[in-house]
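# Architecture at a glance
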Amino acid sequence: MSRTTMRAANPDWTDPDCPVARTLDLVGDRWSLLVIRDAMDGARSFTEFQRRTGIARNILTDRLRKLTAHGLLVQRTAPTGRRQEYVLTGAGRDLFPVILTLRQWGEGHAFAPGETHSTLVDHHGNPVPQIAPTSADGTSLDIDTTHVQKTRQ
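Residues numbered from 1 in each chain as written. Predicted model: local features only at pLDDT ≥ 70, side-chain atom pairs only at ≥ 80, totals over all residues. Heavy atoms only, no water.

## A look at helix α5 (residues 57-69)
Since the α-helix advances by 3.6 residues per turn, residues separated by three or four positions end up pointing in the same direction. With 13 residues, α5 should reach 18 Å at 1.5 Å per residue; the first-to-last C-alpha distance of 18 Å fits that figure. Considered for burial, the residues of α5 that qualify are Leu60, Arg63, Leu64 and Leu67. Seen along its axis, α5 keeps its buried residues to an arc of 100°; they face one direction. α5 presents Asn58, Arg65 and Ala69 as exposed residues on the side facing more than 90 degrees away from its buried surface. Looking at the buried side of α5, the elements it contacts are α2 (19-27), α3 (30-40), α4 (46-53), β1 (73-77) and β2 (84-88). Just downstream of α5, Gly71 is the residue with a positive phi angle, here 80°. (Helix = DSSP H or I, 4+ residues; strand = E, 2+ residues; numbered from the N terminus. Expected span 1.5 Å × (residues − 1). Buried < 20%, exposed > 50% of the residue type's maximum accessible area, 1.4 Å probe, protein only. Arc of directions from axis to C-beta. Contact = heavy atoms within 4.5 Å.)

Structure follows, in structure tokens:
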């Protein structure tokens, strides 16, 4: 979905000029991000999403519809040919660093020391390293080394 289509699709953005606000308008509720997380973990069917999240059927139906309408998921016939399944699109897959950052923040701030929690590992079984944003020259970036600049069209 192009930027132009997104803008035309929703004239009531919370803050039309802010990418963070627009992103939250699309996926900022708890259930949408959990559906995306579970799709990244291999969930495909309505039943799987409901079982993994515990979400009410009507809310799940709404979130799947919204995520599909905004191009984050696509619905297709399952390999068995018996039912439909949901699969992440490129835009949905691009949320991986967002989910990873939320996960890593949660590992560091949402659990008591020593409390059991899940950990994301790579294909060798090693914990995924902390994400640390850097500039083009490799310098670490944080709130003290960045600022928002409006783009001109």
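## Things to note about the layout of surface pockets
In this approach a probe as big as a water molecule rolls over the atoms, and the regions it shows empty are the leftover space. Volume-wise, the second largest pocket comes out at about 550 Å³. Lining the second largest pocket are 18 residues, with Leu34, Arg37, Ile99, Leu102 and Arg103 sitting closest to its centre. No other element matches helix α7 (residues 96-109), which puts seven residues into the lining of the second largest pocket. Here the residues of the lining of the second largest pocket sort into 10 nonpolar, three polar and five charged. (1 Å grid on protein atoms, 1.4 Å probe; cavity = no way out; pocket = protein on both sides within 12 Å on 5 of 7 lines; lining within 4 Å. Points joined across faces, edges and corners; volume = space filled by probe spheres on them. Nonpolar A, V, L, I, M, F, W, Y, C, P; charged D, E, K, R; others polar.)

## Thoughts on the nonpolar core
Counting 21 residues, the largest nonpolar core has Phe49, Leu64 and Leu73 as the members making the most contacts within it. Sequence-distant contacts of Leu73, defined by excluding residues within four places in its chain, comprise Val35, Ala39, Leu64, Leu67, Thr68, Tyr86, Val87, Leu88 and Thr89. (Core = buried A, V, L, I, M, F, W, Y, C linked by side-chain atoms within 4.5 Å.)

## Looking at the side chain of Ser32
Topologically, Ser32 is positioned in helix α3. Of the polar contacts made by the side chain of Ser32, one reaches the side chain of Asp29; its length is 2.7 Å. Look past the residues within four positions of Ser32 in its chain and what remains in contact with it is Leu26, Val27, Arg63 and Leu67. (Polar contact = N/O pair within 3.5 Å; in protein donor to acceptor, adjacent residues only side chain to side chain.)

## Looking at the pattern of salt bridges
Per the counting criterion, the structure on display carries five salt bridges. Taking the shortest distance from any N to any O, the salt bridge between Asp38 and Arg37 comes out at 2.8 Å. Judged by relative accessible area, which is 3%, Asp38 ranks as buried. Exposure remark for Arg37: the relative accessible area of 28% places this residue in the partly exposed category. (Salt bridge = Lys/Arg side-chain N within 4 Å of Asp/Glu carboxyl O.)

## Re the packing of aromatic side chains
Applying the stated rule across the entire model yields one aromatic pair. Here Phe49 and Tyr86 contribute two aromatic rings whose centre-to-centre distance is 6.3 Å and whose plane-to-plane angle is 65°, an arrangement assigned as edge-to-face. With Phe49 in helix α4 and Tyr86 in strand β2, this pair connects stretches of sequence that are 37 residues apart. (Phe/Tyr/Trp six-rings, centres within 6.5 Å; stacked < 30°, edge-to-face > 60°.)

## Comments concerning the packing of α3 against α4
Where α3 meets α4, the closest approach of the two axes is 10 Å, and the angle between their N-to-C directions is 115°. The orientation of α3 relative to α4 falls into the category roughly perpendicular. As α3 runs across α4, the sense of the crossing is right-handed. Each of Trp31, Leu34, Val35, Arg37, Asp38 and Ala39 in α3 lies in contact with α4, whose residues at this interface are Phe49, Arg52 and Thr53. Split into classes, the residues belonging to the contact of α3 with α4 amount to five nonpolar, one polar and three charged. (Axes fitted to C-alpha atoms, helices over the stretch in contact; angles between N-to-C directions. Parallel < 35°, antiparallel > 145°, perpendicular 65-115°, else oblique. Left-handed = near helix turned anticlockwise from the far one by under 90°.)

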